[in-house]
Structure formats: structure tokens, C-alpha cells
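If you want the building blocks of each chain, they are given just below.
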Amino acid sequence: MTTIPLTTLPRSVPLLDVNRDNGPLRDEMLAAAARVIDTGRFLHGPEVKEFEVAVAAVCGVRHAIGCASGSDALLLALLALDIGPGDEVVVPSFTFFATASAVTRVGARPVFADIEPATFNLAPAALERAMTARTKAVIPVHLFGQCAATEEIVDIARPRGIHIIEDAAQAIGAKRNGRAAGSVGTIGCLSFYPSKNLGGCGDGGMLTTNDDRLAERLRLFAAHGMSPRYYHRVIGINSRLDTLQAALLLVKHQALASWTAQRQANATRYHALFRQTGLDGAVGLPQAMPGNDHVWNQFTIRVAHGRRDALREHLTRRNIGSEIYYPLPLHLQDCFRELRDRTAALPETERAAAEVMSLPIFPGLRADEQQLVVAAIADFFAAQQSRAA
Ligand SMILES: *Cc1c(COP(=O)(O)O)cnc(C)c1O
């Protein structure tokens, strides 16, 4: 008689499977799309306003303004705050490209600052060191779904009249001491890129603010600076969240709280599995800081001693998805080479880029899939140990 294992582990695990999350909403999404197609109001349809109101509620802000992407949101924030040539903006180097490229696009200079190793987020002390008389804004990024040390950043920046633009692209719904990502700074920037916690069926972005005047300026800059029609007060851009995208996101946003809870449960399960396997020494596990409601856009571990890439190859051979966010810090990118002479040493940024690896954490991920991920990592370290012995 052959023995059949009680639990058979799956044979592959994707890094992300949007179809698994969209599946239960498919009929509602199709119906929403059909309604937009039938009205023919592809831009400025009522769903755009409705979705803006919904996101304003999630973020606990007075205003939410749709735009074409998270990258555009960052650009629009800088434009609306009149940041341009001669100005400096402090940004982390360990982030997605758009955080810094928006600064260069408006003619200002990004000044890269180091991160806190425990959270991968901008270190307040590094912000303090990076500021000069030309500093007009700082862009803390709530990386991987955890809020940056916003209170400390506010305490440093506000007294000097420095604006805080929160890059909350990865952190919709995250909170720090009860305050939502995107509600603490002068302006918050969100992205609905499909892999974000609230992902659309294409590109989309949003700006959040509690400032009535700024909200109006953001809308102005997103609409060619036009008010009234064909009279242009400032040189804006064209950046809209279209009606189809808003209608689909409006359906998906109903699931956001449940998806966030599932991501949090997945993070808790990973912590337990790594502990059970005795791997919590070999692998650095991501932690939520006290006061932080982490929304786990990514579950990012650290693998030290130059073993990260070998582990990643091992997982790829076993059909387990992983990704490195981000392999090359921005201050070392070719396109920013002219900034290098004025960039401080960023040791934590460079160490993170060498050590990090993100594992599957999407809402529909199953427990047996997480077991397979951790078992495969355990095999890797066991093989390393037997080789060393
Ligand atoms: C995704 C992302 C952006 C850009 O958003 P898009 O909608 O893709 O333009 C900006 N900053 C961070 C930190 C991001 O993760």
C-alpha cells in the first residue's frame, strides 16, 4: 500500500496572482464597465467623483483628486507647491524611481537620504542632515506598506516651512498612531498600478490633501492649468483618472479592507512558519513598528552574507515567485550620476539593496503555498549548512 501524504504541497507559487483576487468580483466589474460603455462618458463620468469620495474616506482627508498614475501624482504635487529650478527635495534613494524622477522633471534637485534598517523608510536623522536653505519639500515613502516615521519628519520639516509629500503608492489604508497614510503631509500620492494593494485594470493615481486651496490647484495642474475652458492660468499637464478605471476601482475598493486583513494574516503566518523552521536567525524578517498598521504590499526579507541571489535562483528553480525591490538604489542609477558628488554616504540603502528579497503575500495566497515557500527556503539553508560542514 502506498502512503498518501495528508497534505500535498502545491508545485508552484506565483509572486502575485491578480486573477485570484479579481475572480470573485468579475461579474460586478464587467457590469460596471458595461454601464460606463453604455453612457459613453469615458472622461469626467460620475464614477470618478464617487471613487474620489471613497478614497478620501479611506485616507481620512477632505479632498482626493484622481490622476493618471502614482508617478503623475508626485509630479502634480510638486507643481502645485511651486517647486522648481533652484529648489531641493529630500527623498530616499531606496524607493521606486518615480519618487525622485518627479523632482528632476520639475527642474528641482533630488537630495538622497538614507533609510532606517528596521523599516526601510527614510531616517529622520538623515533628513535632518540632508536639509539646506534650498530644501522646499521632503518625500517620505511608506515603503512596502508601512508608514515612515511621519511624526518625527513633521517635527523636523514643519518649523522650517518644508512641505511633506507622502509617497503612499504602496500604503493605501496603512496607519500610524491612528492616522492614515496620505493624511499627515501637505499632500499624499497614491497609485492604482495593478500590483498595489488597490490595483486597477491599468494605470491610475490619486492625490490627497486637507487643504482646500491646494486641492483646487492640484485639479488645475492636472487639467492643463485650464480654468475656465480654454483659458490657461498655469502650465499644467493632462492627467486624468478615466471613468472606466474609476468604475472598476469603485467595485474593487469594497474588498480593500478584507484584502488588507488577508495580507496581514499572511504576514503573521510567515512569521510563525519562519519561527517554526528555525529560520528566523538566517533570514531577517520584516517587522511592523509599534503604532504602525502595516498593510504589507510586500513581505520583504533580508538575506545577508551575499546569499540572496543564490536563494532567489533556488526559489525560481522551484517555481516560487520572488522579486528584488530594489536592486540598485537611485543614487547609483546612471541617469542620476550628476547628483553623485553631492550625495552623502548611504550605507543602509546600499546594504538593503544587496540583502532584500520580497516573497508572495497577495490576499488570495493560500497557507499551503506559504508552507512551500518557507520549506524551500529551509532546504536552501540546510544545503548550505551541509556543504559548510
Ligand atoms: C508604484 C509606485 C509609484 C508610481 O506609481 P505608478 O502608478 O506606477 O506611476 C511611485 N512610488 C512608489 C513608491 C511606488 O511603489
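Because the structure is a prediction, the values reported are computed rather than measured. (Residues numbered from 1 in each chain as written. Predicted model: local features only at pLDDT ≥ 70, side-chain atom pairs only at ≥ 80, totals over all residues. Heavy atoms only, no water.)

Q: I keep staring at the site of the ligand and nothing clicks. Help me out?
A: Lining the immediate surroundings of the ligand are 16 residues, of which Gly-70, Ser-71, Gln-170, Ser-191 and Lys-196 lie closest. A distance of 3.1 Å separates an oxygen atom of the ligand from a polar side-chain atom of Lys-196. Broken down by secondary-structure element, the contributors of at least two residues to the shell around the ligand are helix 4 (70-80) and helix 5 (98-105). In terms of residue count, the dominant contributor to the shell around the ligand is helix 4 (three residues). (Near = heavy atom within 4 Å. Polar contact = N/O pair within 3.5 Å; in protein donor to acceptor, adjacent residues only side chain to side chain. Helix = DSSP H or I, 4+ residues; strand = E, 2+ residues; numbered from the N terminus.)

Q: Honestly, the sheet that holds strand 12 (residues 299-303) in this entry has me stumped. Any pointers?
A: What links the strands of a sheet is backbone hydrogen bonding, and the strands pair in either a parallel or an antiparallel sense. Taken in spatial order, the three strands of this open sheet run 10-12-13, and their pairing is antiparallel. A strand with exactly one partner marks an edge of an open sheet, and here the two such strands are strand 10 (283-284) and strand 13 (356-359). Judged from the four bridges that link them, strand 12 and strand 13 form a sheet pairing that is antiparallel. Counted as the bridge partner of Phe-299 is Leu-359 from strand 13. Here helix 12 (residues 347-355) sits on the sheet in contact with strand 12 and strand 13, set at roughly 95° to strand 12. (Pairing = 2+ DSSP bridges. Contact = heavy atoms within 4.5 Å. Axes fitted to C-alpha atoms, helices over the stretch in contact; angles between N-to-C directions.)

Q: What is the right way to look at a nonpolar patch on the surface in this model?
A: Taken together, the side chains of Ile-37, Phe-42 and Leu-43 present a nonpolar region at the surface, about 270 Å² in accessible area. Topologically, Ile-37 is positioned in helix 2 (residues 26-39). (Patch = residues over 30% accessible without salt bridge, like charges linked within 9 Å, V, L, I, M, F, W, Y side chains within 5 Å. Areas by Shrake-Rupley, 256 points an atom, 1.4 Å probe, with all protein chains shown as cover. Salt bridge = Lys/Arg side-chain N within 4 Å of Asp/Glu carboxyl O.)

Q: For this particular structure, what's the right way to read the domain arrangement of the protein chain?
A: How big an interface is tends to be stated in terms of accessible area lost as the parts join. For the protein chain, the assigned domains read domain 1 (23-113 + 120-253) and domain 2 (256-388). Placing a centre on the C-alpha atoms of domain 1 and another on those of domain 2 gives a separation of 26 Å. Taken together, the contacts link 38 residues of domain 1 with 33 residues of domain 2. Roughly 3000 Å² is buried in total at the junction of domain 1 and domain 2, and carbon and sulfur atoms are behind 58% of that figure. The interface formed by domain 1 and domain 2 includes one salt bridge. Across the salt bridge formed by Glu-88 and Arg-342, the nearest N and O atoms sit 3.1 Å from each other. On the surface where domain 1 and domain 2 come into contact, there are 20 residue pairs in polar contact (both at pLDDT 80 or more). Where the side of domain 1 that touches domain 2 is concerned, the elements lending two or more residues are strand 2 (88-92), helix 5, strand 3 (109-113), strand 6 (175-176) and helix 9 (243-253). (Domains from an automatic or database assignment. Buried area = accessible area lost by both parts, 1.4 Å probe.)

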